[in-house]
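Understanding the architecture of this molecule
Residue strings, one per chain:
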Amino acid sequence: DVYKRQVYFAISAIFIIAGVINISVRGFNLGIDFSGGSELEYKLENQVDYEKIVEEASKIGIEASSQKVGDNLSIKSSELSSEKEKELTAKVKELAGQGSQLVRFENVGPSISQDLVTKTIIAVVLASISILIWVAYQFKNITYGIAATLATCHDALVLIGTYSILGTIFDAKIDFLFVTAVLTTLSFSVHDTIVVYDRIRELRRKHGGAIVTVANRALSETMRRSVFNSLTIIFMLVSLIYFGGSSITWFATALLIGVISGTYSSPFVAVPILLFLQRKKSI
């Protein structure tokens, strides 16, 4: 019911404000992609549980994360000295066989990290502008583009703010996979929004009437499809969180937050914003 838009906006405001406060007080928990650090790649002699390597690394004072890269093991951590690298390599050989080899060891400096931050901001801004222009063109109305863009920005803010809180509580780190999750969320959100907007346009052409009445009907007709579609994605992401391993747990968590926010924002944020802008335009 679009008449309850104040309630919907209040719910969104709670999440966004909580995230902004947490970011202001605690900041972001940045991974090495943004803060700098070390990345090592090993060719393993024997298969081994990657989580075991991370656990053993923590015992020698190295907080690391691991992931599979082809047939090799990639480990990321805070910047390591050559001595620490040798200790970690010795642990890897102990667990995966003495034939295991370090094939790559590099430190990610602050200058590279800052360049990545700049490119990330540019990517998000360009994506938002592109969404505004494309939706406005498709619906021949700038208010549709503005409303869709504001809804996607809402989802990005909810995701970033919520994830920052998870970083404070559970040490979830912001890395390049998180950037991927943000951009994916923008895509998912605008896709769902366009489905609702298209139904509003179709109903207005066929039956006419007040846009508020038409919007309510469009939401009723598209809500079930949207929820069922999102649930299939949510079930998959929950499975990845529980069974996918530490290398993709937080990436899947970020996507899950984005999907839930996108499913919510299409009917409860994008449409009320559209109605508000349409009303202002007609005054």
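Just above sits the structure.
Rules used throughout
Residues numbered from 1 in each chain as written. Predicted model: local features only at pLDDT ≥ 70, side-chain atom pairs only at ≥ 80, totals over all residues. Heavy atoms only, no water. Helix = DSSP H or I, 4+ residues; strand = E, 2+ residues; numbered from the N terminus. Buried < 20%, exposed > 50% of the residue type's maximum accessible area, 1.4 Å probe, protein only. Contact = heavy atoms within 4.5 Å. Areas by Shrake-Rupley, 256 points an atom, 1.4 Å probe, with all protein chains shown as cover. Lys, Arg positive; Asp, Glu negative; His and termini not counted. Charge placed at Lys NZ, Arg CZ, Asp CG, Glu CD. Expected span 1.5 Å × (residues − 1). Arc of directions from axis to C-beta. Polar contact = N/O pair within 3.5 Å; in protein donor to acceptor, adjacent residues only side chain to side chain. Salt bridge = Lys/Arg side-chain N within 4 Å of Asp/Glu carboxyl O. Axes fitted to C-alpha atoms, helices over the stretch in contact; angles between N-to-C directions. Parallel < 35°, antiparallel > 145°, perpendicular 65-115°, else oblique. Left-handed = near helix turned anticlockwise from the far one by under 90°. Nonpolar A, V, L, I, M, F, W, Y, C, P; charged D, E, K, R; others polar.

1. Some points on the overall build of the protein
- A tally of regular secondary structure across the protein gives nine helices and four strands.
- When the helices and strands of the protein are placed in sequence order, the string is α-α-β-α-β-β-α-β-α-α-α-α-α.
- Expressed as lengths along the three principal axes of its C-alpha atoms, the size of the protein is roughly 75 × 35 × 30 Å.
- Relative to its 283 residues, the protein shows a buried fraction of 44%.
- Sequence-distant contacts in the protein: of pairs separated by 6 or more residues, those separated by 24 or more amount to 76%.
- A total of about 14800 Å² of accessible surface is found on the protein, and carbon and sulfur atoms cover 62% of it.
- Treating the 27 positive side-chain charges of the protein as one cloud and the 25 negative ones as another, the clouds have centres 15 Å apart.

2. Concerning helix α4 (residues 82-96)
- The end-to-end C-alpha distance of α4, which contains 15 residues, comes to 21 Å, matching closely the 21 Å that a straight helix rising 1.5 Å per residue would cover.
- Among all positions in α4, only Glu85, Leu88, Thr89, Val92 and Ala96 are buried. Down the axis of α4, the sector holding all buried residues measures 100°, keeping them to one side. Of the residues in α4, the exposed ones pointing more than 90 degrees away from the buried face are Glu83, Lys86 and Glu94.
- Where α4 is buried, its residues touch β1 (37-43), α3 (50-59), β3 (72-77) and β4 (101-108).

3. What about α3?
- Residues Tyr50, Ile53, Val54, Glu56 and Ala57 constitute the buried set of α3. When α3 is viewed along its axis, its buried side chains cluster within an angular range of 165° and face the same direction.
- By the N-cap criterion, in which a side-chain oxygen at the helix start approaches the backbone nitrogen of a residue two or three places on, α3 is capped by Asp49, the distance to Glu51 being 3.1 Å.
- Downstream of α3 by one or two residues, Gly61 has phi in the positive range, about 85°.

4. Observations concerning the pattern of salt bridges
- Applying the stated rule across the entire model yields 13 salt bridges.
- For Lys173, the salt bridge identified is with Asp171, shortest N-O distance 3.6 Å.
- Its relative accessible area of 37% is what places Lys173 among the partly exposed residues.
- Look at Asp171 and you get partly exposed, because its relative accessible area is 45%.
- Of the charged contacts in the structure, one is a salt bridge between Glu221 and Arg199, with a shortest N-O distance of 2.4 Å. Here Arg199 lies in helix α7 (residues 176-207) and Glu221 lies in helix α8 (residues 211-243), a separation of 22 residues in the sequence.
- Overlapping salt bridges, with partners in common, bring together Arg199, Glu202, Lys206, Arg217 and Glu221 in one network.

5. A word on the packing of helix α1 (residues 5-26) against helix α6 (residues 142-170)
- It is at 8 Å that the axes of α1 and α6 come closest, and there the two elements cross at 50°. By the angle between their directions, the pair α1 and α6 is classed as oblique. Considering how the two elements wind past one another, α1 and α6 form a crossing that is left-handed. Where α1 abuts α6, its residues Ser12, Phe15, Ile16, Ala18, Gly19, Asn22, Ile23 and Arg26 lie against His154, Leu157, Val158, Ile160, Gly161, Thr162, Ser164, Ile165 and Thr168.
- A per-class count over the contact of α1 with α6 returns eight nonpolar, eight polar and one charged.

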